[in-house]
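A closer look at the structure
Each chain, written out:
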Amino acid sequence: QGALYQSLRPLGETNPALKIVDVGTDHYLDAASGPLLDAFPIAADALAWLFYTSGTTGRPKGVMLTHANMVSMAMHFLIDVQPLASDDVLIHVAPMSHGSGLYSVPYFIRGGLQVIPESGGLDEAELFGLLNHYDKASLFAAPTIVMRLIQHVRNHTGVTWPGLRCLLVGGAPFYAEDIKSAVQCFGARVAQLYGQGETPMTISALSADLLARAVAADDTAMLVSVGFAQTAIGITIVDADGNPVTAGTPGEVIVRGPTVMTGYWGNPEATRQTIGGGALRTGDIGLIDERGLLHLKDRSKDVIISGGTNIYPREVEEALLTHPAVEEVSVVGAPDPEWGESVVAFIVCHAGASAGEQELDELCIRTIARFKRPKRYVFVEKLPKNGTGKVLKRELQQTLANTA
């Protein structure tokens, strides 16, 4: 640490606002007896974090989040997801540059413990060991992580998790069948949040209690939703002209609230296209039902237009995931000379299982409109994903283009 401190000293000498502490000195080791650093005032609207988007639909952009944005995000978590105390623990198995790092803020505020596993990532055996060591331990988990944990429990008898308080699930679609599997495995310890880097962690939520009750009651409408608007968040669904639509009608999800970013770093054009009148255009297509639940259909860029009709990939994916052999699925549009686009489903089957195209077709015909069923099924060993667990649909589309 001494060599690193010496290399950083020039930065501290030229920037009085930057304090660099050598962790090998008594000053750091005795920090419990007094403040480690001198406090200095920071404006609520000052830039606190440049949060880079995941880049699933283009190049990552630097989201400018202020101190006020971050505090509001933490307050929403404490109100709408779960209260915290100083004996709560957050285990970081997902990248701290994204969801897991954001989730750390309310834990900092409440004085909770932050644990970074020695492996630096997700090692199932290591994680379950930590869940036997710590009490009141939670972790951010993309749906991919949740399914890996379930598979580990199924494959290893005697696995326990007495210290698990909650799996905080977000960052990618959490399908109804996967939610059921998670709650059946871990009980009322699974919560779902929907947000974007542009309004971090904070658009809608379903607490662990709500989600467990929905599974017990087989409340399909709640399970396929992303929950209710968080406390100080306003959600509006608008049409292509920006006009609000009636309940139950799909449109773009528009968000207002104290967590909405100030803009994109060094990208005024992208800011102008995304922020207007203090409101965030999420680029997500959704609807609000009669209970006030927000249902996401898809990213606007992922909607398939076939024969002039919108087809939402998530609806097709939810249907296909009810087949017992299907582990993962991603639906994309492929160019079609007759219909404009056709529906293609990339399927990952459970180990040792298989599914035939005819039976998948029959499943879709039973559960969704006939014209929405895939025209083609592509069986693959795995789906391409980024570091946060989101499926890279553009890579799947490129695969189709390369084989056309």
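The preceding data block contains the structure.
Rules and cut-offs
Residues numbered from 1 in each chain as written. Predicted model: local features only at pLDDT ≥ 70, side-chain atom pairs only at ≥ 80, totals over all residues. Heavy atoms only, no water. Pairing = 2+ DSSP bridges. Helix = DSSP H or I, 4+ residues; strand = E, 2+ residues; numbered from the N terminus. Core = buried A, V, L, I, M, F, W, Y, C linked by side-chain atoms within 4.5 Å. Buried < 20%, exposed > 50% of the residue type's maximum accessible area, 1.4 Å probe, protein only. Contact = heavy atoms within 4.5 Å. Axes fitted to C-alpha atoms, helices over the stretch in contact; angles between N-to-C directions.

Regarding the pairing of strand 18 (residues 326–336)
Of the pairings in the sheet, the one linking strand 18 to strand 19 (residues 340–349) comprises 10 bridges and is antiparallel in character. Residue pairing across strands places Ser330 opposite Phe346, the latter belonging to strand 19. Connecting the antiparallel pair strand 18 and strand 19 is a turn made up of 3 residues.

Some thoughts on the nonpolar core
Counting residues in hydrophobic clusters, the biggest one holds 75 residues, and the most contacted among them are Phe77, Ile91, Tyr103, Leu168, Phe186, Val190 and Leu294. Sequence-distant contacts of Ile91, defined by excluding residues within four places in its chain, comprise Ser100, Val115, Pro117, Leu127, Leu130, Leu131, Ala137, Ser138, Leu139 and Phe140.

Looking at the sheet that holds strand 7 (residues 190–196)
In space, the 7 strands of this open sheet follow the order 4-3-5-6-7-8-9, with mixed pairing throughout. Looking at the sheet topology across the chains shown, the edges are occupied by strand 4 (113–115) and strand 9 (228–229). Here 5 bridges tie strand 5 (residues 137–141) to strand 6 (residues 164–169), and the two strands are oriented parallel to one another. Within strand 6, the position partnered with Leu139 by the bridge is Leu167. On the sheet, helix 3 (residues 67–80) packs against strand 6, strand 7 and strand 8 (199–206) and is oriented at approximately 15° with respect to strand 8. Strands in contact with helix 7 (residues 176–186) are strand 6 and strand 7; relative to strand 7, the strand with the most contacts, it is inclined by about 140°.

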